[in-house]
Amino acid sequence: MTELGAITRRDVVGGIGMGLAAASMPALAATPGRKIGYAIVGLGSYATRQIMPNFVGCEHSRIVALVSGTPAKLEQYGAQYGVPKTHWYNYGNFDRIRDNPDIDAVYIILPNSMHAEYTVRAAQAGKHVMCEKPMAISVAECEAMIAACRKAGKKLMIGYRSRFEQYNRLAIELARGGHVGPTQIITAEHGFYARPNQWRLDRPLSGGGSLMDIGIYSLNATRYLTGEEPVEVVASESTDKSDPRFATVEDRINFLLRFPSGVAATCVSSYSSAHNSYRVIGTQGYIDMEPATPYEGHSMRIRKDGQVTQRTLPPAAKTQWAGQLDHLSEAILNGTDVIVPGEEGLADMRVIEAIYRSAREGRAVKVQA
């Protein structure tokens, strides 16, 4: 999910560690002095406050180019990160990245409705792609993005930062390993108060409301904690249409996911209430994460055999963002697969479309296979 902060249509258009995780992440081959060069596409708040500052903690990734429709931002961040004017681009001349050998990959941090276009254009320009979540605004767009990168022979990775955060990695290991017995139930709740006048509240840019934004954390968590794909959803929407924030998008969606193993997940996505948690309930206890997927301050409690303990991990060697960036870079350098490819974003979008349909039609809906 891109988190650019307040952005207007003019801004956008004007320029036109744990065992399981360690096992799933490939080892890095020796590549002395080689760093993958990234072009940052979109210089909103998430890019400039979270992504770009975390390159300092990367071993194999560096910023080499900037793309923005705002000249002042190119001036500011070009100077801050030592990016020369020859490596500044706008949305109109974006395709010229093809001619810049310093750019190995692009990181697309634009409003959701722009992800597909710029992923396809980047692939056609011969660049690997990191794309923020949600991957796109429809299953069809996701499939087109995957096809474009496959045709170009380039990697496509989706920015699921929590997959590179140590508490979530541990939760995956414990949940899938049956630490509190086989998983029976998962609850996941994510929300925040969305301030007015943001692009995320404009459906043409966002593709939807809270579900396309913060709600993807609830959805994706159920999938990575079970290692399964949901087969059926039941959802209901609750939106105060008198609130001008919700003229075109939804506020809260509650949804129930049914998994092949019998696991049931109850989830909340909201733009009017603050929560960030999930709980994995097994036959012997539970794994509780609150907050579960924040930028910092993760907290894990485990109840097993009647005893509740706080699980505290030592500081991580890399932030979740640095780990995410270097993971794609390592995959490019070594010719290996990423753990969150385009197919991961497509899987989420298939469920999202089913959730919206269920909420609209008031019935259970099967998830597209």
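Conventions adopted
- Within each chain, residues carry numbers counting from 1 in the order of the written sequence.
- Side-chain atom pairs in this predicted model are given and counted only at pLDDT of 80 or more, local residue features only at pLDDT of at least 70, and totals for whole chains, interfaces and linings cover all residues.
- The side-chain figures draw on all heavy atoms in the structure; neither hydrogens nor water molecules are used.
- For helices the rule is a DSSP run of H or I covering at least 4 residues; for strands it is a run of E covering at least 2, with both sets numbered from the N terminus onward.
- A 1.4 Å probe rolled over the protein chains alone gives each residue an accessible area, and that area as a share of the maximum for its type sets the label: buried under 20%, exposed over 50%, partly exposed in between.
- We call two residues in contact when some of their heavy atoms are within 4.5 Å.
- Between any two strands, at least two bridges found by DSSP are needed for them to pair.
- Note on handedness: a clockwise path from strand one over the helix to strand two, with the strands aimed away from the viewer, defines a right-handed crossover.
- Lines fitted to the C-alpha atoms define the axes, with helices restricted to the stretch that makes contact. Angles between their N-to-C directions range from 0 to 180 degrees.
- The criterion is simple. A nonpolar core is a set of buried Ala, Val, Leu, Ile, Met, Phe, Trp, Tyr and Cys residues joined through side-chain atoms within 4.5 Å.
- Values of pLDDT, which run from 0 to 100, indicate the predictor's confidence residue by residue.

Enquirer: Let's hear about the side chain of Asn100: which residues, and what values?
Expert: In this structure, Asn100 sits in the loop between strand S3 (88–89) and strand S4 (105–108). By relative accessible area, which is 5% here, Asn100 ends up buried. What Asn100 contacts, discounting residues up to four positions off in sequence, is His87, Tyr89 and Lys127.

Enquirer: Can you break down the pairing of strand S1 (residues 36–41) residue by residue, with the values?
Expert: Summarising burial for S1: 6 of the 6 residues are buried, a large majority. Residues Ile36, Tyr38 and Ile40 line one face of S1 and the alternating positions Gly37, Ala39 and Val41 line the opposite face, and both faces are buried. Two strands pair when backbone bridges link them, and S1 and strand S2 (residues 61–67) are joined in this way by 6 bridges, in the parallel orientation. In the sheet register, Tyr38 faces S2, and the bridge partner there is Ile63. Crossover S1 to S2 through helix H3 (residues 45–51) is right-handed. Looking at chain direction, S1 and S4 are connected through 4 bridges and run parallel. Pairing of Ala39 across the sheet is with Val106, part of S4.

Enquirer: Pulling in residues and values, what's your account of the sheet that holds strand S7 (residues 183–191)?
Expert: Strand order in the open sheet formed by 9 strands is S14-S13-S12-S11-S7-S10-S9-S8-S15, with mixed pairing between adjacent strands. In the strand order of this sheet, the two ends are held by strand S14 (307–311) and strand S15 (365–366), each with one partner. Of the pairings in the sheet, the one linking S7 to strand S10 (residues 264–270) comprises 7 bridges and is parallel in character. Opposite Thr187, over in S10, you have Thr266 as the bridge partner. In the packing of helix H9 (residues 215–226) onto the sheet, the strands contacted are S7, strand S9 (252–258), S10 and strand S11 (275–282), and the crossing angle to S7 comes to about 160°. Along the sheet, helix H11 (residues 342–361) contacts strand S8 (232–238), S9 and S15; its crossing angle with S8, the most-contacted strand, is approximately 60°.

Enquirer: Describe the nonpolar core, and please don't skip the residues or the numbers.
Expert: One finds Tyr38, Ile40 and Leu225 to be the most contacted residues of the largest nonpolar core, which totals 107 residues. With 7 residues, H11 is the single largest residue contributor to this core. Residues in contact with Ile40, not counting those within four places in the same chain, are Ala47, Met52, Phe55, Ile63, Ala65, Leu66, Val67, Tyr107 and Ile109.

Enquirer: Now, about the confidence of the model for the protein: what can you tell me, with residues and values included?
Expert: Taken over all residues, the pLDDT of the protein has a mean of 93, while the share at 70 or more is 91%. Low pLDDT, under 50, characterises residues 1–30; the stretch is placed with 78 contacts to residues that sit more than four places away or in other chains.

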